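Given next are the chains, with one letter for each unit.
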Amino acid sequence: MAVLPILKWPDPRLSTRCAPVEDVGAVAGLVADMFETMYAAPGRGLAAPQVGVLSRLFVMDCTWKEGEKSPLVMINPVIMAAERVPVVMEEGCLSIPGVLVPVERPIAVTVQWTSETGEIHMGDFDGFEARCIQHEFDHLNGVVTFDRVVPEMRAGLEAQYAGVA
Ligand code: NI
């Protein structure tokens, strides 16, 4: 396992739509490295494009910072449904360090994904997990938090980022 370098915005790879994973058996090493990288960062979620791999997978663990690990790998995830109730929460991103962006997202989502062992799963998520999944899912489509706010707010946040980066 290895800690990989995390790309920082505006690296163009963070704005690129990722391709589906064709061979689930071939990504085990990448998944292990991504978990090690995420825990070392330290973060709660990491998408493959953030380490320069333009494939549709991400890792997350929303609870480890509170003392209990709950690692989850989602390969080729699809958001099947979303609650119509929108919630605004400030989101950090390992690729945009030092800036919290208030992003509006649905409060809950239903997701289908493939596991590391190639099984298809379906699950309902709310709270912080739903938030994290939607953030990481955005990365697979080349979307970052800056893309989720109105232009005036984005300009201010980008200026803040330029000051701390
Ligand atoms: Ni992020």
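Above this note sits the structure.
Quick caveat, the model's predicted, so the values are computed rather than measured.

A. Just the environment of proline 86, in detail. Relative to the elements of secondary structure, proline 86 occurs in strand β4 (residues 86-91). Residue proline 86 is classed as partly exposed on the basis of its relative accessible area, which comes to 48%. Each C-alpha atom, one on proline 86 and one on alanine 108, is 8.9 Å from the other, the two residues being 22 residues apart in sequence. With sequence-adjacent residues up to four places away left out, proline 86 is seen in contact with Glu104, Arg105 and Pro106.

B. Region of the structure containing the packing of aromatic side chains. Applying the stated criterion to the full structure yields 6 aromatic pairs. A ring pair is formed by tryptophan 9 and phenylalanine 146, whose centres lie 4.9 Å apart and whose planes are at 85°; its orientation type is edge-to-face. Here tryptophan 9 is found in the segment before α1 (28-40), whereas its partner phenylalanine 146 is found in the loop between α2 (127-140) and α3 (151-164), with 137 residues between them in sequence. An identical accessibility class is assigned to tryptophan 9 and phenylalanine 146; each is buried. Taken together, a centroid distance of 5.1 Å and an interplanar angle of 85° make the contact between tyrosine 39 and tryptophan 64 edge-to-face. Remark: tryptophan 64 occurs in the loop between β2 (57-60) and β3 (72-82) and tyrosine 39 occurs in helix α1; sequence separation between them is 25 residues. Aromatic rings pair up to connect Trp9, Phe146 and Tyr161 into one cluster. Just above the ring of phenylalanine 137 sits the side chain of arginine 56; from NZ or CZ to the centre is 5.9 Å. When the ring centre of tyrosine 39 is taken as reference, the NZ or CZ atom of lysine 69 above it lies at 4.1 Å.

C. Structural detail: the coordination of the nickel ion. Donor atoms from the polypeptide that bind the nickel ion are Cys93 (SG), His135 (NE2) and His139 (NE2), placed at 2.1 to 2.2 Å. Every donor residue of the nickel ion comes from the same chain, spaced as C-x41-H-x3-H. You can see cysteine 93 sitting in the loop between β4 and β5 (101-106) and its partner histidine 135 sitting in helix α2, a full 42 residues away along the chain. Both residues of the pair, cysteine 93 and histidine 135, count as buried.

Thresholds, definitions, all that
- Residues numbered from 1 in each chain as written.
- Predicted model: local features only at pLDDT ≥ 70, side-chain atom pairs only at ≥ 80, totals over all residues.
- Heavy atoms only, no water.
- Helix = DSSP H or I, 4+ residues; strand = E, 2+ residues; numbered from the N terminus.
- Buried < 20%, exposed > 50% of the residue type's maximum accessible area, 1.4 Å probe, protein only.
- Contact = heavy atoms within 4.5 Å.
- Phe/Tyr/Trp six-rings, centres within 6.5 Å; stacked < 30°, edge-to-face > 60°.
- Lys NZ or Arg CZ within 6 Å of the ring centre and 35° of its normal.
- Donors = N, O, S within 2.8 Å, 3.2 Å for Na, K, Ca; no water.

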